[in-house]
Amino acid sequence: MTPRPVRGPVRRPWRLAAEATALLTAAVVAFPLYWMVLSAFRPAEEIESTRPRPWTSSPSLDSFRRVLRQHEFGRYFVNSLVVAVSVVVASALIAFLAATAVTRFRFRFRTTLLIMFLVAQMVPVEALTIPLFFLMRDFGQLNTLGALILPHIAFSLPFAIWMLRGFVKAVPESLEEAAYLDGASRARFLWQILLPLVLPGLVATSVFSFISAWNDFLFAKSFIISDTSQSTLPMALLVFYKPDEPDWGGVMAASTVMTVPVLVFFVLVQRRLVSGLGGAVKD
Amino acid sequence: MTRLTDAAPPPERGGPTTTAGRPRVTRPGRTTASVPASGKSARPYAPAPERPRRWPRPRGGWTPWLYLAPALLVLGGLLVYPVYQLGLMSVLHYTQAQVSGGEPTSFRGLANYTELFADDQFWQVLLATVGFAAACVLSTLAVGCALAVLLTRVRAVPRLALMLAALGAWATPTVTGSTVWLFLFDPDFGPVDRLLGLGDFSWTYGRYSAFLLVLLEVVWCSFPFVMVTVYAGIRAVPGEVLEAAALDGASQWRIWRSVLAPALGPILVIVTVQSVIWDFKVFTQIYVMTDGGGIAGQNLVLNVYAYQKAFASSQYSLGSAIGVVTLLILLAVTLGYLRLLRRQGEEL
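Here the structure is a predicted model, which means the values were calculated and not measured.

A.B. asks: Can you break down the overall build of chain A residue by residue, with the values?
C.D. replies: Of regular secondary structure, chain A possesses 13 helices and zero strands. Secondary structure elements of chain A, listed N to C terminal, follow the sequence α-α-α-α-α-α-α-α-α-α-α-α-α. Seen along its three principal axes, the alpha-carbon backbone of chain A occupies a region of about 70 × 65 × 30 Å. Within the span of chain A, comprising 283 residues, buried residues form 60% of the whole. Considering only intrachain contacts with a sequence separation of at least 6, the fraction spanning at least 24 residues in chain A is 72%. Of the roughly 11700 Å² that chain A leaves accessible, carbon and sulfur atoms contribute 64%.

Have a look at this one:
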């Protein structure tokens, strides 16, 4: 299907050894996820067994029931989804416009801006929690989803712009000239020609902003302090995880519910992600 | 106006007009200004002076700024301004009393920093952060690169299996990954201690074993980025080039050194820098897996330390000072990266 990149004959025993290693590594890498799903379906007495076995004889939905019944779990799920989707859509659009500006126009301070976007990627989000806390408080955004959405848009933007740049650059300029000659307006070119062409890049960048938003733990912990109805999944998960006496069944069921949508998303965009990264690094 | 500035000799760009501190960062612009980005069509015309220099991009006037406006607005308000606030807070006396308005804020100058630098724990945390990040980066890169090469050596089915497993680890939310790994290594119910015959050894009790456990989780969830990116980079090397090299009788080693390594160089720089940044900022894993920094703070890293100072003990100025230190360290990494880019002649 795809040509093997490092060519030269790989001798058969070596290839078989390499394939065995690959499969074994895949198993090791996947094991934590397997164990998570397995434990989520285990009845309590099996989880509490000191001789854990890699299978279950009597799958049970108890843990899921406990998780879904408690603490408005569904609401947290929706909150997380709202946050992640808003961040993905907003940062994709904003980054697309910005990436177009810095690649398809020449203007004063263009290089300065590019370097600033690069530097902005390095700003430790975590260190900004303190000033952002006060900023969100002053704008009355504490305890709202806005306090999670807005900073995440800002933090995913620099990387998204930096990554999209390569894709926008790859669109030949002759295409742009042709579009104008054919009477297309600049807006038309932007949305109807350029946007579809850089879609693979948008998918790849979306993956990164989706992960950063869906993973967010620090902001959810710091900015949603009193109104738990605005909480997101990571906090809901930690309800079941108490360092002294964790409810492992609940933790694993909640983890499963939290991980599966992302997994589905990843598998759906898998091809585009890999080709997207390829496109971004080829440059 | 735009045309005028663009056509001006490169060294004049961004020279005297920029404010203090900027000239260093604008310097790479000098190299790029002479060869305009994506200026494939501009270069052939350059030696023909009778023709006015054709810039590949429309001037646009205000249009680029219009496109940039949303990004600049968001970044200015939610990134630049908070950075400024962080710096400001680090030189103020800012605790719960000031937050609630009970006492006026007062200027402390560098007193917060001297207080911080006089604290043994700060140096210990700084050392732990650097050591931990270095270990994470090296392990992640080693695993990621090794597996990327492995991927190129196997047929479709094992490759898909490894790719999917890696994507799974990559997709796993950080909090989830942290709790799952804790469960795997749980002294009572986890399978790892059983498998290794460790009895009821508690990984989170000891300082180094706790760091090791977090490191394993960090490597698990971050090697996929390295693996996929490096793999994509190897695949981006055109097959014909490799075949030609092989036909010319180049050895595998020679192909690696002369064809693949130069092509992979920039990619390796990218993934290394990204890893440094990510691993230096690890927060969630440490916070969740060691319950806020380990027993007596033995597993604290700078971020968690700053968080604890600010939000657990309301010493916002000290927390901000730690944040500034983190920021400066990462800035130094970034500047090093920029210099590398410049040396490679990368156009911006």
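A.B. asks: Residue-level account of the pattern of salt bridges, with values.
C.D. replies: All names here are of chain A. In this structure the tally under the stated criterion is seven salt bridges over all chains. Across the salt bridge formed by E46 and R42, the nearest N and O atoms sit 2.9 Å from each other. The closest approach of N and O atoms between D62 and R65, which form a salt bridge, is 3.1 Å. With D62 and R65 both in helix α3 (residues 62-69) and three residues apart, this pair spans about one turn of that helix. The partly exposed category is assigned to D62, whose relative accessible area is 43%.

A.B. asks: Just give me the short version of the interface of chain A and chain B, but keep the residues and values in it.
C.D. replies: Contacts between chain A and chain B engage 117 residues on the former and 125 residues on the latter. Between chain A and chain B, the buried area comes to about 10800 Å², and carbon and sulfur atoms account for 74% of it. Where chain A packs against chain B, one counts one salt bridge. E19(A) is paired through a salt bridge with R155(B); the nearest N and O atoms lie 2.9 Å apart. Along the contact surface separating chain A from chain B lie six residue pairs in polar contact (both at pLDDT 80 or more). Residue composition of the side of chain A that touches chain B, by class: 78 nonpolar, 19 polar and 20 charged.

A.B. asks: Please provide a residue-by-residue account of the state of the cysteines, values included.
C.D. replies: Two cysteines whose sulfur atoms are joined by a covalent bond form what is called a disulfide. Residue and element names in this part refer to chain B. The final tally for this structure, using the stated rule, is zero disulfides over all chains. You can see C136 has no disulfide; the closest cysteine sulfur is in C221, sitting 9.1 Å from it. The exposure class assigned to C136 is buried, which follows from its relative accessible area of 0%.

A.B. asks: Please give an account of the nonpolar core that cites residues and values.
C.D. replies: Grouped together as the largest cluster of nonpolar side chains are 203 residues, with contacts concentrated most on L132(A), L157(A), W248(A), F266(A), F132(B), W170(B) and M227(B). Of all the elements, helix α11 (residues 207-236) of chain B adds the most residues to this core, at 16 residues. Here L132(A) is in contact with P151(A), F155(A), F219(A), F223(A), L78(B) and P82(B), once residues within four sequence places are set aside.

A.B. asks: How would you explain the UniProt feature "domain: ABC transmembrane type-1" (unreviewed entry) in chain A if you had to name every residue and give the values?
C.D. replies: Within the UniProt annotation, "domain: ABC transmembrane type-1" (unreviewed entry) is assigned to residues 77-269 of chain A. For residues 77-269 of chain A, the helix share is 78%, the strand share is 0%, and the end-to-end C-alpha distance is 21 Å.

A.B. asks: Now, about the UniProt feature "transmembrane region" (unreviewed entry) in chain A: what can you tell me, with residues and values included?
C.D. replies: Residues given the UniProt feature "transmembrane region" (unreviewed entry) here are residues 21-41, 76-101, 113-136, 148-168, 189-214 and 248-269 of chain A. Structurally, residues 248-269 of chain A is divided into 100% helix and 0% strand, and its ends, taken at the C-alpha atoms, are 31 Å apart.

A.B. asks: Describe the packing of helix α1 (residues 12-40) of chain A against helix α9 (residues 174-184) of chain B, with residues and values.
C.D. replies: Interhelical geometry of α1(A) versus α9(B) gives an angle of 85° and a closest axis separation of 10 Å. For the element pair α1(A) / α9(B), the angle class is roughly perpendicular. Of α9(B), the residues touching α1(A) (which contributes F31(A), P32(A), W35(A), M36(A) and S39(A)) are T176(B), V180(B), W181(B), F183(B) and L184(B). For the contact of α1(A) with α9(B), the residue count by class is eight nonpolar, two polar and no charged.

A.B. asks: An account of a negative patch on the surface is requested, with residue identities and associated values reported.
C.D. replies: On the surface, E48(A), D244(A), E245(A) and D291(B) cluster together into a patch of negative charge. Its place among the elements puts E245(A) in the loop between α12 (233-240) and α13 (248-282). Its relative accessible area of 66% is what places E245(A) among the exposed residues.

A.B. asks: How would you explain a nonpolar patch on the surface if you had to name every residue and give the values?
C.D. replies: All names here are of chain A. Residues L81, V85, V89, L93 and W191 make up a contiguous nonpolar surface patch of about 410 Å² in total accessible area. Broken down by element, the residue count for the nonpolar patch peaks at four residues, all from helix α4 (residues 73-104). Locating L93 in the fold gives a position in helix α4.

A.B. asks: Describe in detail helix α9 (residues 186-197) of chain A, supporting the description with residues and values.
C.D. replies: The terminal C-alpha atoms of α9(A), which comprises twelve residues, lie 15 Å apart, in line with the 16 Å expected from a rise of 1.5 Å per residue. Contact partners of the buried residues in α9(A): α4, α7 (146-170) and α8 (173-181) of chain A together with α4 (63-89) of chain B.

A.B. asks: Lay out the side chain of T326(B) with the relevant residues and their values.
C.D. replies: Tracing the sequence through the fold places T326(B) in helix α16 (residues 316-343). Of the residues examined, T326(B) reaches a relative accessible area of 0% and is grouped as buried. Within polar-contact distance, the side chain of T326(B) engages the backbone oxygen of I322(B) at 2.8 Å. Once you skip the residues sitting within four places of it in the chain, T326(B) turns out to touch P124(A), F280(B), L302(B) and N303(B).

A.B. asks: Residue-level account of the packing of aromatic side chains, with values.
C.D. replies: Residues and elements named next belong to chain B. Tallying each qualifying case throughout the model produces 43 aromatic pairs over all chains. Here the aromatic rings of F122 and W123 are separated by 5.2 Å at their centres, their planes lie at 75°, and the arrangement is edge-to-face. Looking at F122, the relative accessible area reads 1%, which means it is buried. Given a relative accessible area of 41%, W123 falls into the partly exposed group. Centroid distance F132 to F211: 5.2 Å. Interplanar angle 35°. Geometry classified as tilted. Highlighted residues: F132 in helix α7 (residues 120-152) and F211 in helix α11, separated in sequence by 79 residues. On the basis of relative accessible area, F132 is assigned to the buried category, the value being 5%. F211 sits in the buried class, given a relative accessible area of 9%.

How each quantity is defined
- Residues numbered from 1 in each chain as written.
- Chains lettered and ligands numbered in written order.
- Predicted model: local features only at pLDDT ≥ 70, side-chain atom pairs only at ≥ 80, totals over all residues.
- Heavy atoms only, no water.
- Helix = DSSP H or I, 4+ residues; strand = E, 2+ residues; numbered from the N terminus.
- Buried < 20%, exposed > 50% of the residue type's maximum accessible area, 1.4 Å probe, protein only.
- Contact = heavy atoms within 4.5 Å.
- Areas by Shrake-Rupley, 256 points an atom, 1.4 Å probe, with all protein chains shown as cover.
- Salt bridge = Lys/Arg side-chain N within 4 Å of Asp/Glu carboxyl O.
- Buried area = accessible area lost by both parts, 1.4 Å probe.
- Polar contact = N/O pair within 3.5 Å; in protein donor to acceptor, adjacent residues only side chain to side chain.
- Nonpolar A, V, L, I, M, F, W, Y, C, P; charged D, E, K, R; others polar.
- Disulfide = S-S within 2.5 Å.
- Core = buried A, V, L, I, M, F, W, Y, C linked by side-chain atoms within 4.5 Å.
- UniProt positions renumbered as here; feature names shortened; annotations may be inferred.
- Axes fitted to C-alpha atoms, helices over the stretch in contact; angles between N-to-C directions.
- Parallel < 35°, antiparallel > 145°, perpendicular 65-115°, else oblique.
- Patch = residues over 30% accessible without salt bridge, like charges linked within 9 Å, V, L, I, M, F, W, Y side chains within 5 Å.
- Lys, Arg positive; Asp, Glu negative; His and termini not counted.
- Charge placed at Lys NZ, Arg CZ, Asp CG, Glu CD.
- Expected span 1.5 Å × (residues − 1).
- Phe/Tyr/Trp six-rings, centres within 6.5 Å; stacked < 30°, edge-to-face > 60°.

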